[in-house]
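Architecture at a glance
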Amino acid sequence: MRFTIDGDVVELDAEAVAALLREQVPEPVRTHWVDVAGIRFPVKQALEAGSGISRDRFRSHAASSVLTRLGFVTSSSPNSPTGASGPEPQARPAPHVSAEQAGAAFSTLVTFLRGSPLTDGVSALEHQLVNADRHTVAAVTAQAGLTDDLLRAALIVRRDVGRVSDVIHAAVIALALPAILNEGETVINRPSLGPGNDKSRPYDLETNLRVAEFKVAVWSGGDMMRKRTLTADLVHLALDESGRRPELWVAGEQPLRFLRTSTTPVADLLSRSSKHLRARYQTHYGSEPISLQTFTATHAGRVRLFDLADVLPAIASALL
């Protein structure tokens, strides 16, 4: 379905939005929520994840309207449990899970994931379920390893370590600083160790000598959203006029190879970026198509590209 959000026209699909949210941890719900596969997300978090448009650019009621039209149940849906104006029900406290239980759950989940590539296992199960009935489907599913114990383990792990990406982002920047700062170089603005930047902190790192963005995700295929955000960071750095050295730090060779070899037009990759960034891009570089590899080599030629694995052994180990 097509929607206009703060002047941007975007195509949204309920399944795609749900898939993107599966990779996120629900933030605390204050008032407005959307139910996605039995999990409640704040509507602004959900729409930001699904559209790629910053939540600062729309209000909660607008997000609720979009998500309701996509078919999700929201706090504003006519038949939602709370209704449009009813109070949010008091959430039941999560049952206490000890560190030992969480560790056992993590072990169960890792054992399953290491058994075979998840994509291959799910694909095989999909084929095996064809023609299965209520009497045979349980046996087929159990044979694939999808058990109640696995589900419980996955839910525990998601709740207890769901913000691990935020921890990784913060740790990477903090641990990289001693290795990358030059003699006499100092951090001059509060670094953005959490997810996302704000107007007062346009870059992850600002020193008296450089501005830098860090992309810590390890690519594994199907990385379109990562490609879009990586391209946006490259353009953002290329447009910097502070006179300091712009740098883009990534995890592994795949993101670097993408920047240097992709023939996709930059404007296409920016289609879900902020309206402000897209306008700045067009003002500076025009409306003629420019491939990413050409942009990286020319307009963004002064942006230095680095692999975090070269300075952080933990990143190098994760890429093996």
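Up top is the structure.
So, here's what we can say about the structure. (Residues numbered from 1 in each chain as written. Predicted model: local features only at pLDDT ≥ 70, side-chain atom pairs only at ≥ 80, totals over all residues. Heavy atoms only, no water.)

1. Quick look at the overall build of the chain
Counted only if it meets this: Helix and strand assignments come from DSSP, with helices taken as H or I runs of at least 4 residues and strands as E runs of at least 2, each series counted from the N terminus. Buried residues are those whose accessible area, probed at 1.4 Å on protein chains only, stays under 20% of the maximum for their type, while exposed residues exceed 50% and partly exposed ones sit between those limits. Note on contacts: a residue pair qualifies if any of its non-hydrogen atoms lie within 4.5 Å across the two residues. Exposure was quantified through the Shrake-Rupley algorithm and a 1.4 Å probe, taking into account, for residues, occlusion by the shown protein chains and nothing else.
Tallying secondary structure elements over the chain gives 14 helices and nine strands in all. Buried residues in the chain amount to 36% of all 320 residues. Once local pairs closer than 6 in sequence are excluded, the contacts in the chain between residues at least 24 apart make up 64%. With the model as given, the accessible surface of the chain reaches about 18600 Å², and the carbon-plus-sulfur share is 54%.

2. Quick notes on helix α4 (residues 99-115)
Operational definition: A helix's residues, less one, multiplied by 1.5 Å, set its expected span. Read the arc as the range of directions from the helix axis to the C-beta atoms.
Along its 17 residues, α4 runs 24 Å from first to last C-alpha, staying within 8% of the 24 Å computed at 1.5 Å per residue. Considered for burial, the residues of α4 that qualify are A102, A105 and L109. Seen from one end, α4 has its buried residues packed into an arc of 65 degrees, which puts them on one side. Facing away from the buried side of α4, by more than 90 degrees, are the exposed residues E100, T111, R114 and G115.

3. A closer look at the pairing of strand β2 (residues 8-11)
Operational definition: Two strands form a pair only when DSSP identifies at least two bridges running between them.
On β2, burial follows the alternation: D8 and V10 on one face are buried, whereas V9 and E11 on the facing-out side are not. Note: strand β1 (residues 2-5) against β2, four bridges, orientation antiparallel. Its bridge partner being in β2, R2 is matched across the sheet by E11. Here β1 folds back onto β2 in antiparallel fashion, the turn holding two residues, of which D6 has a positive phi close to 50 degrees.

4. Regarding the packing of aromatic side chains
Just so we agree on the cut-off: For this analysis, a ring pair means two rings from Phe, Tyr or Trp (six-membered ring only for Trp) whose centres lie within 6.5 Å, classed as stacked if their planes differ by under 30 degrees, edge-to-face if by over 60, and tilted for the remaining angles.
Summed over all chains, the structure comprises six aromatic pairs. The interplanar angle of 20 degrees and the centroid separation of 4.5 Å between the aromatic rings of W249 and F306 together place this pair among those described as stacked. In this pair, W249 is assigned in strand β8 (residues 245-250) and F306 in strand β9 (residues 304-307), connecting sequence segments 57 residues apart. Residue W249 is classed as buried on the basis of its relative accessible area of 4%.

5. A closer look at the pattern of salt bridges
A side chain of one charge can pair with a side chain of the opposite charge if their charged atoms are brought near each other. Counted only if it meets this: Only one rule defines a salt bridge in this text: a Lys or Arg side-chain nitrogen within 4 Å of an Asp or Glu carboxyl oxygen.
Applying the stated criterion across every chain yields a total of eight salt bridges. Between E48 and R55 there is a salt bridge, with its nearest N and O atoms 2.8 Å apart. Across the pair D149 and R152 runs a salt bridge whose closest N-O atoms are separated by 2.5 Å. One end of the pair, D149, and the other, R152, are both in helix α7 (residues 148-161), three residues apart, so they sit about a helical turn from each other. Through salt bridges that share partners, E185, R210, R245 and E247 make up one connected network.

6. Describing the nonpolar core
This is how the line gets drawn: By nonpolar core we mean a set of buried residues, namely Ala, Val, Leu, Ile, Met, Phe, Trp, Tyr and Cys, connected to one another through side-chain atoms within 4.5 Å.
Ranked by internal contacts, the top residues of the largest apolar core, which has 27 residues, are L234, V235, L248, L259, Y281, F295 and V303. Residue assignment for this core shows that the elements contributing at least two residues are α9 (224-238), β8, α10 (253-261), α11 (266-269), α12 (275-285) and α13 (292-297). The leading source of residues in this core is α9, at six residues. What V235 contacts, discounting residues up to four positions off in sequence, is V266, L270, L277, Y281 and F295. Counting 22 residues, the second-largest nonpolar core is a separate cluster that includes L21, V36, A46 and L67.

7. What to know about the environment of L308
Position of L308 relative to the elements: it lies in the loop between β9 and α14 (313-318). By relative accessible area, which is 0% here, L308 ends up buried. Along the primary structure L308 and G252 are separated by 56 residues, whereas in three dimensions their C-alpha atoms are 7.0 Å apart.

8. Considerations on the sheet that holds strand β3 (residues 33-36)
Using the following cut-off: Axis lines are fitted through C-alpha atoms, for helices just across the contact stretch, and the angle between N-to-C directions can take any value from 0 to 180 degrees.
Strand order in the open sheet formed by three strands is β4-β3-β5, with antiparallel pairing between adjacent strands. Every other strand in the sheet has two partners, leaving β4 (39-42) and β5 (73-74) as the edge strands with one partner each. Both β3 and β5 contribute to a ladder of two bridges, which runs antiparallel. Paired with V34 across the two strands is T74, which belongs to β5. Here helix α2 (residues 43-51) sits on the sheet in contact with β3 and β4, set at roughly 85 degrees to β4.

9. Examining unusual backbone geometry
Positive phi outside glycine occurs at N131, with the angle close to 75 degrees. Mapped onto the elements of the fold, N131 is located in the loop between α5 (118-128) and α6 (137-143).

Just distances and angles here, no functional claims.
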